[in-house]
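Next come the chains, spelled out residue by residue.
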Amino acid sequence: RQHCPVEIDSSCKSHPGKVACHLAFLRCRGAPQDTKYSEIMRYYECPVVCSITLPCSHTVDKPCHEARLISDGKHQMPQCNKKSPIPYTFSTWGHSKSVTC
């Protein structure tokens, strides 16, 4: 199983295709050590990088399995630390300051 070159079907609905068996097992975090081949793909974490649009309209790249957990509401949206397109304006003085989202 460690270097098995046989290709098996990916369980990712967004990125269907074939995955080398040994790579599939490497990307199955949380699977018990004795998990059978027929059951392993339910633990598969798709590594394809996807862009997520944050509420502030910036985007971040995350592996597909993380993006899916965020879109399903099982994980929180990541915090944005990029420069805000709209600066903060002090109402009293009218000065503005660049801030992060």
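Rules of the game
Residues numbered from 1 in each chain as written. Predicted model: local features only at pLDDT ≥ 70, side-chain atom pairs only at ≥ 80, totals over all residues. Heavy atoms only, no water. Phe/Tyr/Trp six-rings, centres within 6.5 Å; stacked < 30°, edge-to-face > 60°. Buried < 20%, exposed > 50% of the residue type's maximum accessible area, 1.4 Å probe, protein only. Salt bridge = Lys/Arg side-chain N within 4 Å of Asp/Glu carboxyl O. Helix = DSSP H or I, 4+ residues; strand = E, 2+ residues; numbered from the N terminus.

Asks: Talk me through the packing of aromatic side chains; I want residue IDs and the actual numbers.
Replies: The final tally for this structure, using the stated rule, is two aromatic pairs. Pairing Y88 with F90 gives two aromatic rings, centres 5.1 Å apart and planes at 90°, and the pair type is edge-to-face. Residue F90 is classed as partly exposed on the basis of its relative accessible area of 29%. Put simply, the rings of Y88, F90 and W93 touch in pairs and so form one group of aromatic residues.

Asks: So, unusual backbone geometry: which residues are in play, and what are the values?
Replies: Of note, the phi angle at S57 is positive, near 85°, even though the residue is not glycine. With a relative accessible area of 59%, S57 lands in the exposed category.

Asks: I'd like to hear about the pattern of salt bridges, residue by residue, with values.
Replies: Overall, the coordinates contain three salt bridges when judged by the stated rule. Put simply, D9 and K18 hold a salt bridge, and the shortest N to O gap is 2.8 Å. Judged by its relative accessible area of 52%, K18 falls in the exposed class. Note that E45 is salt-bridged to R29, the shortest N-O span being 3.0 Å. In this pair, E45 sits in the loop between α2 (37-40) and β3 (49-53) while R29 sits in the loop between α1 (21-26) and α2, placing the two residues 16 residues apart along the sequence. Overall, the relative accessible area of 59% leaves R29 in the exposed class.

Honestly, that's just the spatial picture; any functional story needs more than this.
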